[in-house]
Amino acid sequence: MNFYRLQVLIGIDPSSLQAGAREIENTFQLEIARHKLQDEVNLLETGSLGYFGTGVAIMIYPGQITYVNLKKEDVPEIVTEHFLKGKPVKRLMLGQAFTSGYNFNYRRRIVLENSGLINPENIREYLGRGGYESWEKALLEMKPVQIVDIVKNSGLRGRGGAGFPTGLKWSFTQPLTVPQKYFVINADEGEPGTFKDRLIMEGDPHKLLEGLMISSYAVGATKAYIYIRGEYRLCINRLQKAIDQARELGLLGSNIFGTGFDLDIEIKIGAGAYVCGEETALIESMEGNRGQPRSKPPFPGVKGAWQKPTVVNNVETIANIPSIISHGADWFRSYGTESCPGTKVFTILGDVYMPGLCEVDMGTSLRTLIEEYGGGIRDDKKFKGALLGGAAGVFLSEKLLDVKMDFNSLKEYGAVLGSGAILVMNEDADMVDMLYAVIRFFRHESCGKCIPCSKGTQKLYRIISRIRYGEGSEEDLVSMIRLAQAMNISSFCALGQSLLMPIRSVIDNFRDEFLQKMDKKYKFSREAS
Amino acid sequence: MPELKAQDRRLRELINEKKQMRDPLMEVLHGAQGIYGYLPQEVLENVAESLHIPLSNVYGVVTFYDFFYLQPRGRHLIRVCTGTSCYAQGASKLLAMLEEELGIKLGETTSDGNFTLSTLMCSGACSLAPVFMIGEEIFGKMAEPGKIRQIIDKFRF
């Protein structure tokens, strides 16, 4: 085995590929060969390095020096100056373009600890970082009920949006004695503005697999599925590769580690329906049906896929499990807040300098996230508002910039953490138009099973369109909230229920903007009659 | 038509392979669309018969999901992301620019059968907003007509 002087990691993800990552990788290879550095410099592909809007980025160890916005022409300079002479090329290093309080040196913590450090397509690199040790420990030394207890004590809560305690969810399924149980990973990340799961799966697919193996063993499932959206082609390929590698090493299959425990993992591909993020709809879709939600109870934990007990968890939730098993519940509780321990992966988007993702303690304030991790508001504009949690989220105004971002703190303000998407809007943003986009999304994604949602979203769409064209009245705002309230009470699943949050929050916080849009002519004719 | 026969043979192989799975309808439809480019009626009938599922159920599933098409599409499917993030960054303008560049409206196919223009709800590449996809490839930060033309030209013959 070779010991390399330098490790060069190149981030391969949709955004860097578009910026020509492949061509730059090839140029590096040629240049390295030209200078006969093959035995000293190791060029590796990895997932996203987490720096967005920065084109092709590479990171070099030792020193963790990051070059961004690379062009083909820059490669010879880096190779001769940095690789050969040991002098980093300042001009291309990250940090030259930004002066605000951007936090370059934050640590990747739990879920993303390996992302951007290892080659996700090689299981040995994951093993080299202590991978699958938790799986071995869990299977050989622990009883399923012990694992459920540790997860319960860790206080881990579901990262898909609702924040249901994971250990509690498992404890409904674990004691059931039936011949077949299933474990399902919800990777149908359809929430607009959310792509954290994609980056977890692209950057470190084995982490998810290890978590899934431990979780399946904990609840007694011998068959696990990963339900993933069809758009995530790179994830699907990397996960499939990872599953094959794990099977080859005997980490999956029958009689694992000689314990008599069998487990197999299969990928199911979704077909572009937002409602399939709802767990019972996801199960319907897995069974090859229209993805419409089922009535609860019975909950999936008791009667799920093919009428067998089925636990459905989000990707990020399960990616936390290996670390919890290896370090224990108390260690996990040292992150985050009392009621919401651990970290959360956020995606920060919109009018900020550095749109991208970060993993921070639960309870970090929105202001810190925007200023330190998003790099601040772009182009010296003022902050106006943020849409939190994708479409089924809430609009926050400036007043709530210092609110702690965790499930409980946000709940006090009637807000939700949701999936962790933060869409930042500057002073130019048109809030009426944003609400229009949200409602249009819901109208399109309503599955048609129940009347309140399918008709309600259509009616709301007509009202918001009217307001958008300047033909609305103040009464329209009242009727929108009332309609959304009715949907909240009577809709079959969370899709119809959650539309109340964005509507109420945007009208409460930005009422003036709606009133400005109301047409004067309309008001006049009403007064006249 | 020898070409059609080759496609039918591939469909047969696909069905035989996927039959091992439990409830493989979605997987078979994904595969079939990959073979034919869309899902013609004969294919749906074939799938229904081979998997012993009523044709009405197959049709119900196909029409429920955005991913499946009953009509033929152009050689390249262009999908503009209209998720909230892209919308806020000007997805409507991007759509208008593409419509002008291609000379077709949303949902239509160019007369040479090369491009179909469609939308999708979120591509999960929100940091690149506004985004459109050609096939599986993502193109982000699309704000100027010149840049769009450059990309489209690459996909013309």
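Residues numbered from 1 in each chain as written. Chains lettered and ligands numbered in written order. Predicted model: local features only at pLDDT ≥ 70, side-chain atom pairs only at ≥ 80, totals over all residues. Heavy atoms only, no water.

Colleague: Help me get a handle on the nonpolar core, residues and values and all.
Modeller: Residue and element names in this part refer to chain A. Among the nonpolar cores identified, the biggest contains 145 residues, and Trp170 and Met480 are the most heavily contacted of them. With 10 residues, the top contributor of residues to this core is helix 17 (residues 431-445). The contact partners of Met480, leaving out residues within four places of it in the chain, are Leu435, Ile439, Leu460, Ile463, Ile464, Ile467, Ile503 and Ile507. Counting residues in each nonpolar core, the second largest holds 27 residues, with Ile348, Met362, Val394 and Leu400 among its members. (Core = buried A, V, L, I, M, F, W, Y, C linked by side-chain atoms within 4.5 Å. Buried < 20%, exposed > 50% of the residue type's maximum accessible area, 1.4 Å probe, protein only. Helix = DSSP H or I, 4+ residues; strand = E, 2+ residues; numbered from the N terminus. Contact = heavy atoms within 4.5 Å.)

Colleague: Which residues make up the pattern of salt bridges, and what values do they have?
Modeller: Residue and element names in this part refer to chain A. Under the defined criterion, the tally for this structure stands at 41 salt bridges over all chains. With a shortest N-O distance of 2.8 Å, Glu40 and Arg5 are connected by a salt bridge. Here Arg5 lies in the segment before strand 1 (6-11) and Glu40 lies in the loop between helix 2 (21-34) and strand 2 (41-46), a separation of 35 residues in the sequence. Since its relative accessible area comes to 33%, Glu40 is described here as partly exposed. Accessibility expressed as a relative area gives 39% for Arg5, which makes it partly exposed. Where Arg378 meets Asp379, a salt bridge forms, and the shortest distance between an N and an O atom there is 3.9 Å. You can call Arg378 partly exposed: its relative accessible area is 24%. A single network of salt bridges, built from pairs that share partners, joins Arg159, Lys196, Asp197, Glu316 and Lys344. (Salt bridge = Lys/Arg side-chain N within 4 Å of Asp/Glu carboxyl O.)

Colleague: A description of empty space enclosed by the protein should follow, citing residues and the corresponding values.
Modeller: All names here are of chain A. Counting across every chain of the model gives four cavities of 30 Å³ or more. In this structure, the largest cavity encloses a volume near 70 Å³. In terms of lining residues, the largest cavity is bounded by 13 residues, among which Cys447, Cys450, Cys453, Phe492 and Cys493 are the most central. Each residue belonging to the lining of the largest cavity can be placed in one class, and the counts come to eight nonpolar, four polar and one charged. (1 Å grid on protein atoms, 1.4 Å probe; cavity = no way out; pocket = protein on both sides within 12 Å on 5 of 7 lines; lining within 4 Å. Points joined across faces, edges and corners; volume = space filled by probe spheres on them. Nonpolar A, V, L, I, M, F, W, Y, C, P; charged D, E, K, R; others polar.)

Colleague: Please provide a residue-by-residue account of the state of the cysteines, values included.
Modeller: Overall, the coordinates contain zero disulfides over all chains when judged by the stated rule. Here Cys358 of chain A is not disulfide-linked; the sulfur of Cys126 of chain B is the nearest cysteine sulfur, at 15 Å. Cys493 of chain A provides the cysteine sulfur closest to Cys447 of chain A, a residue in no disulfide bond, and the two sulfurs are 6.1 Å apart. (Disulfide = S-S within 2.5 Å.)

Colleague: A description of the interface of chain A and chain B should follow, citing residues and the corresponding values.
Modeller: Of the residues lining the interface, 56 residues belong to chain A; the matching set on chain B comes to 38 residues. Between chain A and chain B, a total of about 3600 Å² is buried, with carbon and sulfur atoms accounting for 58% of that surface. Contact with chain B buries area across many residues of chain A, yet Gln18, Ala271 and Arg290 of chain A alone supply 17% of it, more than any other trio. Taken together, the connections running from chain A to chain B amount to two salt bridges. The partner of Glu27 of chain B in a salt bridge is Lys268 of chain A, with the nearest N and O atoms 3.7 Å apart. Between chain A and chain B we count 16 residue pairs in polar contact (both at pLDDT 80 or more) in total. At the level of secondary structure, the elements contributing two or more residues to the side of chain A that touches chain B comprise helix 1 (14-18), strand 8 (261-269), helix 11 (279-286), strand 10 (343-350) and helix 17 of chain A. The biggest single contributor to the side of chain A that touches chain B is helix 17 of chain A, with nine residues. When the residues that make up the side of chain A that touches chain B are grouped by side-chain class, the tally is 25 nonpolar, 16 polar and 15 charged. (Buried area = accessible area lost by both parts, 1.4 Å probe. Polar contact = N/O pair within 3.5 Å; in protein donor to acceptor, adjacent residues only side chain to side chain.)

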